[in-house]
Amino acid sequence: MTETRTARDTLGEIEIPADALWDAQTQRAVLNFPVSGRGMPRPFIHALIEIKRCAAQTNSDLGTLPVVSAQTIIQACDQLLASEDVEQHFPVDVFQTGSGTSSNMNANEVIANLGKNISGNALSPNDDVNLGQSSNDVIPTSIQVSCAMLLVDKLIPALRYLSDSINSKAASLDNVVKTGRTHLMDAMPVTMGQALRSWSSQIDYNIASLEQRLNWLTTLGIGGTAVGTGINSHPEFSSGICSHLSKRTGIDFRPADNPFAHIGSQDTSLALSGDLKTVAASIMKIANDLRWMNSGPLAGLGEIELEALQPGSSIMPGKVNPVIPESAAMVAAQVMGNDTAVTVGAQSGNFELNVMLPMIGNNLVESLLLLTNISRLLADKAITSFNVNEDNISAALGKNPILVTALNPIIGYESAAKIAKTAYAEKRPVMEVAIEMSGLPEDQLKDLLDPTKLTDNNTG
């Protein structure tokens, strides 16, 4: 039997583990929501603790909280933020009350009890730690702060790293000309560098969108308290806590002009989720291109050879699979699924409060972390390290009848089509057929059908 102690709240007494830092309201939530077995993610918890820390400092600055109480709260928050296993103190399931009140009270209770252990000073979870706040403004603020920090510290740097890695690889492959493909069918030639730079351009657009989204994420509804009116909060509380958060994180946070919108809706979270879905689509595109180019090695395209990272089959010896692109594709699918859930959650703003906040926060944090990790893996274990099979590329390129497109301005579309169809039917190089059928000198045809020249958009 686990030893317990008796805790009390406005509903009465309840037994909780004797060594738990939380109290009655958290324990009720633990018992009420045995749903997924997953608590809120660490970045969200850290953001929530940072908000409590900055709230204590702000209340001390404003004279609404005794200095000794504020310092005790700050010490407790610092200890939690430095903990390697802070999650053990936050057992409330993701799928809890829609406002996240259980997680807010979890933090209030843990900080109050830890503060008492540190200094011997008694703290009230509600009257001291939660002073000037409500779950209804704290939890949406925690979502935005955690996401802003992950964007600045994790995802945007990872995407820049991916883009730089792609561009570096592209520069080394600018002289490799390959068959382009549209509809998965042979098309006009491109350089390998051009193909790769299309990927980095996608990633760069994603970075630009995320940087713009930061302007939304850093506008906070904290100080709006229960419904947006700021009841029981000092008029300067919101500006003070944003100032302290900015100093602590290095990110410029500011109070919302209209906190009602930040409490009653989750439009900012939904917009960010859409941005992350777009990143996921870009990652999926890159992953699929890599898988196609790597396919084979004998019966597929075989244009590149990805780094061999692990055996690919439990029964087929020697088989090696494109495991990193496959992992990337699954990450993209998960992020897209998370976005669907966030979309439904963002619709659940009823009057003055959205009531799917914990799920929204959890999904956004998960998507941010997944995209961060897979971006670096793609860069290091797929893009930087693949080798080009130039013999395969050259063999396919020389037989590509679509090269006759370059003859259209001279001999016309229909005549060029006859050359292409003949080359297809007789499985002969297009150059050989063009010499026979076009009526053009061989030297001119060699110049016109030079695949390298055809990759230059200034040709013709």
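Here, the structure is the one placed above.
A quick note: this is a predicted structure, and the numbers were derived from the prediction, not measured.

Thresholds, definitions, all that
- Residues numbered from 1 in each chain as written.
- Predicted model: local features only at pLDDT ≥ 70, side-chain atom pairs only at ≥ 80, totals over all residues.
- Heavy atoms only, no water.
- Helix = DSSP H or I, 4+ residues; strand = E, 2+ residues; numbered from the N terminus.
- Rg over C-alpha atoms; globule rule 2.2 N^0.38 Å.
- Buried < 20%, exposed > 50% of the residue type's maximum accessible area, 1.4 Å probe, protein only.
- Areas by Shrake-Rupley, 256 points an atom, 1.4 Å probe, with all protein chains shown as cover.
- Core = buried A, V, L, I, M, F, W, Y, C linked by side-chain atoms within 4.5 Å.
- Contact = heavy atoms within 4.5 Å.
- Axes fitted to C-alpha atoms, helices over the stretch in contact; angles between N-to-C directions.
- Parallel < 35°, antiparallel > 145°, perpendicular 65-115°, else oblique.
- Left-handed = near helix turned anticlockwise from the far one by under 90°.
- Nonpolar A, V, L, I, M, F, W, Y, C, P; charged D, E, K, R; others polar.
- Pairing = 2+ DSSP bridges.
- Salt bridge = Lys/Arg side-chain N within 4 Å of Asp/Glu carboxyl O.
- Phe/Tyr/Trp six-rings, centres within 6.5 Å; stacked < 30°, edge-to-face > 60°.
- Lys NZ or Arg CZ within 6 Å of the ring centre and 35° of its normal.

Participant: Mind laying out the overall build of the chain, listing which residues take part and the relevant values?
Facilitator: Each helix and strand in the chain was counted, giving 18 helices and ten strands. Since a compact globule built from 460 residues should have a radius of gyration of about 23 Å, the 30 Å found for the chain marks it as more spread out than a globular shape. Counting only C-alpha atoms and orienting by the principal axes, one finds that the chain spans roughly 95 × 55 × 35 Å. Across the 460 residues that make up the chain, the buried fraction comes to 51%. Of the roughly 21100 Å² that the chain leaves accessible, carbon and sulfur atoms contribute 52%.

Participant: Lay out the nonpolar core with the relevant residues and their values.
Facilitator: Grouped together as the largest cluster of nonpolar side chains are 102 residues, with contacts concentrated most on L151, L196, L210, L276, L290 and L371. Top contributing element to this core by residue count: helix α6 (residues 135-172), with 14 residues. Setting aside chain neighbours within four positions, we find L196 in contact with I166, K169, A170, L173 and F386. By size, the runner-up hydrophobic cluster in this structure holds 17 residues, among which are A420, V430, V433 and L445.

Participant: Hey, could you go over the packing of helix α1 (residues 24-32) against helix α4 (residues 101-119) for me, with residue numbers and the actual values?
Facilitator: Contact geometry for α1 and α4: axes closest at 8 Å, N-to-C directions at 140°. The orientation of α1 relative to α4 falls into the category oblique. Considering how the two elements wind past one another, α1 and α4 form a crossing that is left-handed. Note on element contacts: α4 touches α1 through S102, M105, N106 and E109, opposite A24, Q25, T26 and A29. Across the contact of α1 with α4, the residue classes break down as three nonpolar, four polar and one charged.

Participant: Tell me about the pairing of strand β4 (residues 185-191), and please be specific about residues and values.
Facilitator: Sheet topology places strand β3 (residues 177-182) next to β4; six bridges connect them, and they run antiparallel. When the bridges of β4 are listed, V177 appears paired with T191. With antiparallel pairing between neighbouring strands as the criterion, β3 and β4 make up a hairpin whose turn holds two residues, including H183 at a positive phi of roughly 60°.

Participant: Describe the pattern of salt bridges, naming the residues involved and giving the relevant values.
Facilitator: Scanning the model with the defined rule gives 18 salt bridges in all. In this structure, R5 engages D23 in a salt bridge whose closest nitrogen and oxygen atoms are separated by 3.0 Å. Taken together, the residues R5 in strand β1 (residues 4-9) and D23 in the loop between β2 (12-17) and α1 connect sequence positions 18 residues apart. Notably, a salt bridge pairs E211 with R160, separated by 2.4 Å at the nearest N-O pair. Separated by 51 residues along the polypeptide, E211 in helix α7 (residues 192-217) and R160 in helix α6 bring together distant segments of the chain. Here the residues in one salt-bridge network are E426, R428, E432 and E436, joined through shared partners.

Participant: Please give an account of the packing of aromatic side chains that cites residues and values.
Facilitator: Applying the stated criterion across every chain yields a total of zero aromatic pairs. A cation sits over an aromatic face here: R213 above W216, 4.5 Å from the ring centre. The residue whose ring lies beneath R376 is Y161, and the NZ or CZ to ring-centre distance is 5.0 Å.

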